[in-house]
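Secondary and tertiary structure notes
Chain by chain, the residues:
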Amino acid sequence: MTSDLELHLEEVAGGLGFPEGPVAMNDGSILFVDIEKETLSRVTADGTVDTVADIPGGPNGVAIGPDGAAYVCNNGGVYTFKEVPVPGGVANVPWPSHPNYTGGSIQRVDLRNGVVTTLYTEFEGKNLMAPDDIVFDNEGGFWFTDSGYQNDDVQYKGALYYASIDGQTLKKVATIPMANGVGLSPDGGTIYVSDTIFSRLWALDIKGPGEVEPGPMPQMPGRIVQSLPAHQSIYQWLDSLKVEASGKVCVGTIFNGGITVFEPSDGTFEHVPIPALFVTNFCFGGPDMRDLWITASSSRKIYKARWPRDGLKLAFTA
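Residues numbered from 1 in each chain as written. Predicted model: local features only at pLDDT ≥ 70, side-chain atom pairs only at ≥ 80, totals over all residues. Heavy atoms only, no water.

What follows covers the overall build of the chain. A tally of helices and strands in the chain yields zero helices and 31 strands. Rg of the C-alpha trace for the chain: 18 Å, near the compact-globule value of 20 Å for 318 residues, within the 12% margin. Dimensions along the principal axes, computed over C-alpha positions, put the chain at roughly 45 × 45 × 45 Å. Considering the chain as a whole, with its 318 residues, one finds that 55% of them fall into the buried category. Put simply, of all contacts in the chain between residues at least 6 apart along the chain, 47% involve residues at least 24 apart. (Helix = DSSP H or I, 4+ residues; strand = E, 2+ residues; numbered from the N terminus. Rg over C-alpha atoms; globule rule 2.2 N^0.38 Å. Buried < 20%, exposed > 50% of the residue type's maximum accessible area, 1.4 Å probe, protein only. Contact = heavy atoms within 4.5 Å.)

Now the structure itself:
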């Protein structure tokens, strides 16, 4: 269902590559990664964009850890980018070819000096494929998704992981075909994961750090909140997500560009349109947690708007 909500969008930054992973900082700036330009950057209130660190490969998602550093999901260059025609212009979209793909990793960036440290590159002898999105819990560990990748006619399945910031503990939690967005419920008892290619939002009940309750079948990691239907004969894919203080789950939506808001208790949803083919991610911030920064990645832009409800405060900020 299309929402009656109309967002007043203010362009904060333009002319970017493929921005993702916005994080509202305590000083009012926005930290974000640029997958195409392979950077971690900061945009200030006046629109100035400064590079914090060069991150070769494909920095895809970022979160602030308990030590004030930025932790980055690097997809290893699993995408190239291509401009495609759309009504009114062109869209910059990720393309499933990866001639320079190096394998995925989790990296730490010291925001004081831009020093990048690689923490994880493999699990049980196999390379991480394409780490995508990340969220910290209150204990200081982090959950992250690996979206897997496509190679010709083969889809390599992704997964949900849990890790520690010291580079010593990495657990594979669940296999999910194309795990993308990840976020925690307000009480910390549920982890939500969006599955891009099936347009599906998963909910997994947490029983401990990196441990979830089993699903009803081996290939079902939890319960399904909802799967999106086609919109005007075009499929809708789900990208990264954030959670409201109310518990609603907001997911960036691509092809039918916007934010889809799910009610986890009954699976009902509404779609808030945004003028971009790929709305990949967003973050809440400001004194009342109603400021919303949106990566309209296919348009090479970051927008700012006001949201009608409070976003959930993250475990750590900087």
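A sheet is described by the order of its strands in space; here four strands give the open sequence E1-E31-E30-E29, paired in antiparallel fashion. With one partner strand each, in any of the chains shown, strand E1 (10–13) and strand E29 (281–285) form the two edges of the open sheet. In this sheet, adjacent strand axes meet at a mean angle of 30° when their direction is disregarded. Here three bridges tie E1 to strand E31 (residues 301–306), and the two strands are oriented antiparallel to one another. Across the sheet, residue Glu10 finds its bridge partner in E31, namely Lys304. (Pairing = 2+ DSSP bridges. Axes fitted to C-alpha atoms, helices over the stretch in contact; angles between N-to-C directions.)

Looking now at the sheet that holds strand E2 (residues 19–24). Neighbouring strands of a sheet are bound in pairs by backbone hydrogen bonds; such pairs are parallel or else antiparallel. Ordered in space as E2-E3-E4-E5, the four strands form an open sheet in which the pairing is antiparallel. Unpaired on one side and paired on the other, E2 and strand E5 (49–54) mark the two borders of the sheet. Taking the axes of each pair of neighbouring strands and ignoring which way they run, one obtains an average angle of 25° across the sheet.

Along a regular strand, successive side chains alternate from one face of the sheet to the other. Burial within strand E18 (residues 158–163) is extensive, with six of its six residues counted as buried. Burial of the side chains of E18 extends over both faces: Gly158, Leu160 and Tyr162 are buried on one face and Ala159, Tyr161 and Ala163 on the other. Across five bridges, the pairing between strand E15 (residues 142–146) and E18 is antiparallel. By the bridge assignment, Thr145 is partnered in E18 with Leu160.

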